[in-house]
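Per-entry structural report
Listed below, chain by chain, are the residues.
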Amino acid sequence: MKNTGKLLTILAGVFGIGMSVNVAQAETLRLGDFQSTSHVVSLEGTTRWMFAVEQATNGAIKFEHFPAQQAAKSAAQLDAVNNGILDAALLGTLYHSEVLPLNSVIGLPGFYGTAVQGTEALQSMLTEGPLRDELLDAGVMPIFGFVLPPYQVLAKKHLGGVSDWKALDIRTSGSTQAMTARALGSVGISIPGPEVYTAVERGRLDGVLFPLASVPGYNLQEVVSHISTNGSFGGYSFVMVVGRDKFESLPADVQKIMLEKGREVATHVARVQDDSVGSLAAEWKAQGIEVYQFSDAELTELGDAMQPVTADWMERIGGEKAQLVLNSYRALTSKK
């Protein structure tokens, strides 16, 4: 939490104070997430949003930040909000697929091509429709959402066509990505991001499906030797939420600020991630890592193998709402 204070100080001057807020006294909200304060999602997302809200409310709203699973494990952030342990949390929605099954659509492979494109689609779907309703029904108000760049594969050997993936233990995020691994003949193993480094280092995993912009936050480049750059193995969404009752108790102008600053930060963190990928690839190459692109033939083969994942998702989730979500997601990401 000390690090958060330093980060907020560094960001001073970035955001102007845009409106007055009618709050009798300052209120401190307890906000949890499972990312470290050095991760791009924390630096350019969570911390940036907290600072923006504090500045725009003239300090009427403050935050006590609990990063790196300090208040609750990654899969328990939603429960922590509903149980009153936290007032707000940055949810990794795929960790809550049992409660938020519709939100797991972001994990399907082959849809968005950049974090900006995926974030624009998610933000639209959180404004109205089944994804928003699902979060409201779970007791939380969605403030903003963003995605990580499309997942790539990091491994200890070069993985190309489907035959290279047979019987490998691959780290996945949630049930949707586990289906992707199975479609390629691998075994999907769900392990939280902070635990992946050790799992690869000790040989528990043969490979990892991971967004490249997040690799430095976990130093995974230290334990793999091959990294793809043009695959599309699904995505991952984060949604900043505030307990529904807590949000509704806040003044209307505070609510408006939270949402407006959330929209700004969502676009910002997505763009920062996209911009970082090229420089990271060059850095890894210089370190002796094979940073490679799948051939057109390999992409076609992988894409064909992963096609059933979407159908399996629809069958597993089922219902009119799931079809509506899938149709919206397909249209918003221009996936024909």
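The rules we used
- Residues numbered from 1 in each chain as written.
- Predicted model: local features only at pLDDT ≥ 70, side-chain atom pairs only at ≥ 80, totals over all residues.
- Heavy atoms only, no water.
- Core = buried A, V, L, I, M, F, W, Y, C linked by side-chain atoms within 4.5 Å.
- Buried < 20%, exposed > 50% of the residue type's maximum accessible area, 1.4 Å probe, protein only.
- Salt bridge = Lys/Arg side-chain N within 4 Å of Asp/Glu carboxyl O.
- Helix = DSSP H or I, 4+ residues; strand = E, 2+ residues; numbered from the N terminus.
- Pairing = 2+ DSSP bridges.
- Axes fitted to C-alpha atoms, helices over the stretch in contact; angles between N-to-C directions.
- Contact = heavy atoms within 4.5 Å.
- pLDDT = per-residue confidence, 0-100.
- Parallel < 35°, antiparallel > 145°, perpendicular 65-115°, else oblique.
- Left-handed = near helix turned anticlockwise from the far one by under 90°.
- Nonpolar A, V, L, I, M, F, W, Y, C, P; charged D, E, K, R; others polar.
- Phe/Tyr/Trp six-rings, centres within 6.5 Å; stacked < 30°, edge-to-face > 60°.

**Brief notes about the nonpolar core**
One broad trend across soluble globular proteins is that nonpolar side chains are buried collectively. In terms of nonpolar packing, the biggest core is built from 82 residues, with Trp49, Ile143, Phe233, Met258 and Trp313 touching the most fellow members. In terms of nonpolar packing, the next biggest core, distinct from the first, is built from 21 residues, Val196, Ala199, Val215 and Ala281 among them.

**A look at the pattern of salt bridges**
This structure, assessed with the given rule, holds five salt bridges. Between Lys246 and Glu27 there is a salt bridge; the shortest N-O distance is 2.8 Å. Of this pair, Lys246 sits in helix H9 (residues 244-249) while Glu27 sits in strand E1 (residues 27-32), and the two are 219 residues apart along the sequence. Assessed through its relative accessible area of 24%, Lys246 is described here as partly exposed. Between Glu248 and Arg244 there is a salt bridge whose closest N-O contact spans 3.4 Å. With Glu248 and Arg244 both in helix H9 and four residues apart, the pair spans about one turn of that helix. Using a relative accessible area of 30% as the deciding quantity, one classes Arg244 as partly exposed.

**Focus on the sheet that holds strand E4 (residues 140-147)**
The strand order across the open sheet formed by five strands is E2-E1-E3-E10-E4, and the pairing between neighbours is mixed. Each having just a single partner strand, strand E2 (61-66) and E4 make up the two edges of the open sheet. Here the average twist between neighbouring strands, direction ignored, is 25 degrees. With seven bridges connecting them, E4 and strand E10 (residues 237-243) associate as antiparallel partners. Residue pairing in the sheet places Val147 in a bridge with Ser237 of E10. Along the sheet, helix H2 (residues 40-56) makes contact with E1, E2, strand E3 (88-92), E4 and E10, crossing E2 at roughly 155 degrees.

**Overview of the confidence of the model for the protein**
For the protein, per-residue confidence averages 92 on the pLDDT scale, and 92% of positions sit at 70 or higher. Considering only residues more than four positions removed or in separate chains, one finds that residues 12-20, a stretch of pLDDT under 50, has 19 contacts.

**Notes on the packing of helix H4 (residues 115-127) against helix H10 (residues 252-286)**
For any two helices packed against each other, one specifies the inter-axial angle together with the distance between the axes. At a minimum axis distance of 8 Å, the contact between H4 and H10 shows a crossing angle of 155 degrees. Accordingly, the angle class assigned to the pair H4 and H10 is roughly antiparallel. Read as a crossing pair, H4 and H10 show a hand that is right-handed. Across from Ala115, Val116, Thr119 and Gln123 in H4, the residues of H10 making contact are Arg263, Ala266, Ala270, Arg271, Gln273 and Asp274. Each residue belonging to the contact of H4 with H10 can be placed in one class, and the counts come to four nonpolar, three polar and three charged.

**Details of the packing of aromatic side chains**
The full count for this structure, using the stated rule, is 13 aromatic pairs. Taking the centre distance of 5.7 Å and the plane angle of 55 degrees together, the rings of Trp49 and Phe144 count as tilted. With Trp49 in helix H2 and Phe144 in strand E4, the pair connects residues that are 95 residues apart, well separated along the chain. Here Trp49 matches Phe144 in class, with each residue buried. Summarising the aromatic geometry, the rings of Tyr292 and Phe294 are spaced 5.5 Å apart at their centres and angled 75 degrees between planes, so their arrangement reads as edge-to-face. For the residue pair Tyr292 and Phe294, the accessibility class agrees, reading buried in each case.

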